[in-house]
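Structure at a glance
Single-letter residue listing:
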Amino acid sequence: MYDGEERRANNWHLNKTFTIGNLLTIAVSFVTVIVYINKMDIRMALTEQTVHFQGKLIAENESRKEQQFTELKVMIQRIDDRLHSKK
């Protein structure tokens, strides 16, 4: 095995201690990841609600446009009937 002098001669050292700084770094990293995942979940839920709401708005607009188009067709047909009845 290596003793202290041989280790110094090879210029390497492995510190096997676990400091409070390491523990705090790991804890802060873990909490940061948990908060990030939680916020991501909230953003996804809000996005899903927005997409659902926009889908409903699009469907309502399409229905309204279809109704207006039908009304325009009826009005054009009336105008056409009046023009043909005068001849």
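Quick look at the structure, then.

Scoring rules and cut-offs
Residues numbered from 1 in each chain as written. Predicted model: local features only at pLDDT ≥ 70, side-chain atom pairs only at ≥ 80, totals over all residues. Heavy atoms only, no water. Helix = DSSP H or I, 4+ residues; strand = E, 2+ residues; numbered from the N terminus. Areas by Shrake-Rupley, 256 points an atom, 1.4 Å probe, with all protein chains shown as cover. Patch = residues over 30% accessible without salt bridge, like charges linked within 9 Å, V, L, I, M, F, W, Y side chains within 5 Å. Salt bridge = Lys/Arg side-chain N within 4 Å of Asp/Glu carboxyl O. Buried < 20%, exposed > 50% of the residue type's maximum accessible area, 1.4 Å probe, protein only.

This part is about the overall build of the protein chain. Counting secondary structure elements, the protein chain contains 2 helices and 0 strands. Summing over all exposed atoms, the protein chain offers an accessible surface of approximately 8,800 Å²; the carbon and sulfur share of this is 62%.

Attention shifts here to a nonpolar patch on the surface. On the surface, Val33, Tyr36, Ile37, Met40 and Met44 cluster together to form a nonpolar patch covering roughly 470 Å² of accessible area. Note that Met40 resides in helix α2 (residues 20–86). Classification of Met40 by relative accessible area gives partly exposed; the value is 30%.

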